Amino acid sequence: MEDLKEIIACNNKLSNNTPYGVVAIVGEFSTMTPEAKELSAKGIHSKNRKALAVVITNMGHQLVINFYMSFYKPENPTRAFKNHEDAVKWLRKTLEELL
C-alpha cells in the first residue's frame, strides 16, 4: 500500500498535478492488496490519472485484471493488453478523446 501511495505522489509530481495516462507493466510475481486495488481504482489516484493501460504477461494476470475491472470498477478507462505497443496506442487515443 505504501508503494502505491509513493507511486501516486510521484505521478502527480511528474505531471505537475495535470491530467496524465499510465501504462503499467505487471511483473511476473506482482501482487496487490485489496486496499491497494481500491485506492488504484478510486479517489485520489484517479483524480489526475485519466486512463490506465495494463500490460499483462500471462493468463493469471488476465484473470486478475478482469476481476479488478469488474469488482473495483475503476473510475477511469482501464484496459489490459498483451504488449506495450498496443497499450501505448490505446492510451494515446483515449487521452486525445478525453482531453
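Once a new chain begins, its residue numbering starts again from 1 and follows that chain's sequence as written. Per-residue local features of the predicted model are confined to residues with pLDDT of at least 70, and side-chain atom pairs are confined, for both listing and counting, to 80 or more; whole-chain, interface and lining totals are unaffected and use all residues. Hydrogens are left out, water is left out, and the side-chain values use all remaining heavy atoms of the structure.

### Some points on the confidence of the model for the protein
Here the protein averages 87 in pLDDT, and 96% of its residues register 70 or above. Model confidence for the protein, summarised as mean pLDDT per element, is weakest for helix α3 (residues 44-48) at 70 and strongest for helix α5 (residues 84-98) at 97. pLDDT is a residue-level measure of predictor confidence that goes from 0 to 100. To qualify as a helix, a DSSP run of H or I must reach at least 4 residues; to qualify as a strand, a run of E must reach at least 2; elements of each kind are numbered from the N terminus.

### Let's talk about the environment of A87
Here A87 shows up in helix α5. Put simply, A87 and V22 are 65 residues apart on the chain and 9.4 Å apart in space, counted from C-alpha to C-alpha. We call two residues contacting when some pair of their heavy atoms lies within 4.5 Å. Contacts of A87, omitting those with residues within four sequence positions, involve V23, A53, V55 and F81.

### Looking at the pattern of salt bridges
The term salt bridge refers to a pairing of a side-chain nitrogen on Lys or Arg with a carboxyl oxygen on Asp or Glu at a separation within 4 Å. What the rule picks out here adds up to two salt bridges. Residue K5 pairs with E2 through a salt bridge whose shortest N-O separation is 3.9 Å. Within this pair, K5 and its partner E2 are both found in helix α1 (residues 2-14), separated by three residues, close to a single helical turn. Here the term buried applies to any residue with accessible area under 20% of the maximum for its type, exposed to any over 50%, and partly exposed to those in between, with areas from a 1.4 Å probe on protein chains only. K5 sits in the partly exposed class, given a relative accessible area of 42%. The salt bridge partner of K93 is E97, with a shortest N-O separation of 3.4 Å. Linking K93 with E97, this pair stays in helix α5, spanning four residues, or about one helical turn.

### Some words on α5
Multiplying 1.5 Å by the residue count of a helix minus one yields the expected span of that helix. For α5, spanning 15 residues, the distance from its first C-alpha to its last is 21 Å, which sits close to the expected 21 Å at 1.5 Å a residue. Of all the residues in α5, the buried ones are A87, V88, W90, L91, T94 and L95. Down the axis, α5 shows its buried residues gathered within 165° of arc, on one side only. Along α5, exposed side chains directed more than 90 degrees from the buried face belong to E85, K89, R92, K93, E96 and E97. In this structure, the buried side of α5 is in contact with β1 (20-25), β2 (49-55) and β3 (78-81). What qualifies as a polar contact is a pair of N or O atoms within 3.5 Å, subject to a donor-acceptor requirement within protein and to the restriction that residues adjacent in sequence count only when both atoms come from side chains. Where α5 starts, the residue carrying a side-chain oxygen 3.3 Å from the main-chain nitrogen of E85 turns out to be N83. This arc is built from the directions going out from the helix axis to the C-beta atoms.

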